[in-house]
Structures are given as structure tokens and as C-alpha cells.
Amino acid sequence: MHFTHRLAAIFLTLGLSASLMSCGFHLRGSHIVTLPEQYQSLHLEIPDEAQALKKPLTVYLSNLGAQLDNTPTNVTLRIDHYDLRRQLFSGRLTEVQLRLSVSFRLENAAGEPLTEPRTVIAQRSYQYNIASVNTERQEEAFLVQVMQDDIAQQIVRQLHANRLPDAIIDQAP
């Protein structure tokens, strides 16, 4: 009888382990995710209209081990274009569509481009009824903040994947 209980416990353990593996469960390892070595030391160059991107970019880059400095010594992450658009559709309900487009590129210490400009986009929309309590401005401010966070994550993911197209340098004959 004792042997059958032990055998049942073994089969139960194996069955539960197999079900965990089949559902895609994996234990987290101690693998540390970092940026590629050439992007470990970065300088951020952000225009005034895009200053809201500075905090999330700093947080996400720091989490991946980047050292951010105030002087352009190695590689500069330059935000070239920041465009927030708001489109309003009126009807029974008012719908607002927000679209944030940001272009960025990497430059060396001399200001020469290392990568081609890359554009990332985030979009959100919301609806509200003008006759009801109006919280439109608060909702819009929150969604803009969410889009800026999304843009920062997209930029950092592209740096981490190191799949940015190299800059094409024209060489005169």
C-alpha cells in the first residue's frame, strides 16, 4: 500500500509539471537584460516640446543599465520630431483621437548620424458626452502621458534589439 501512494505522488507531480510546461510557464532566470555595449553611455538631446519624454526615457534606459550623462561624449539619442495631434469628431458622442509621432536617431560625439531617423507612433482615442459631467481634459492629459510612456518604451526596445538601420553616408567622388 505504501508503494502505491509513493507511485501516485510521483505521477501526480509529473502530471502537474507537464501541465505547467504545456501552458507556457517558465521560471524567471537571473539573466540580466542590458542595452548593447555601444549604447551603454548615452546623452539625451530632447527639444523643449518633447521634454515630457525625458523622464520615461531616463527610467527605461537606466533600467537597462545605460549611463546617462549631460555631455555628448559617446552616443547621443536625439529626438528630431515630436508631433502631438488631436482630432475631434462630433456627433451624438464626441470622439477625440490623439496621435503622437516621434522621430529619433543616434549620433556620435561629433554630431554625425550613426543611424537613420526612425519614427515611432502611439495612438489613443476616447469618447465623451458633452451633456454629462465633463472630465475630457483630465482624460486627455492622462492619455497623452500614457502615449509618451509608450513612445519611450518603443524607443528603448528598438535600442535594446539593436536593429536600427545604419546611417547612409554620402561619399563625394
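Structural data are supplied above this passage.
What counts and how
Residue positions within a chain follow its written sequence, with the count starting from 1. Since the coordinates come from a predicted model, pLDDT governs what is reported: local features require at least 70, and pairs of side-chain atoms require 80 or more to be given and counted, while whole-chain, interface and lining totals use all residues. Think of the side-chain values as coming from all heavy atoms in the structure, minus any hydrogens and water. Numbering of helices and strands runs from the N terminus, with a helix taken as a DSSP run of H or I at least four residues long and a strand as a DSSP run of E at least two residues long. Buried means the residue's accessible area, taken with a 1.4 Å probe over protein chains only, is under 20% of the maximum for its type, while exposed means over 50%, and partly exposed covers the values in between. Should any heavy atoms of two residues lie within 4.5 Å, those residues are counted as being in contact. Computed by Shrake-Rupley with a 1.4 Å probe, the accessible areas treat only the displayed protein chains as cover when residues are assessed. Two strands qualify as a pair provided that DSSP identifies no fewer than 2 bridges between them.

Asker: I'd like a description of the overall build of the protein, backed by residues and values.
Answerer: Along its length, the protein carries three helices and five strands. Along the protein, helices and strands appear, N-terminal first, in the series α-β-α-β-β-β-β-α. Counting only residues that meet the buried cut, the protein has 30% of its 173 residues in that class. In the protein, the share of contacts with a sequence separation of at least 24, taken over all contacts with a separation of at least 6, comes to 68%. A total of about 12000 Å² of accessible surface is found on the protein, and carbon and sulfur atoms cover 54% of it.

Asker: Help me get a handle on the sheet that holds strand 3 (residues 75-89), residues and values and all.
Answerer: Pairing within the open sheet is mixed, and its five strands lie in the order 2-1-3-4-5. Where the open sheet ends on each side, the last strands, each with one partner, are strand 2 (67-68) and strand 5 (118-128). Relative to strand 2, strand 1 (residues 41-45) runs parallel, the two sharing two bridges. Bridging across to strand 2, Leu-42 finds its partner in Leu-68.

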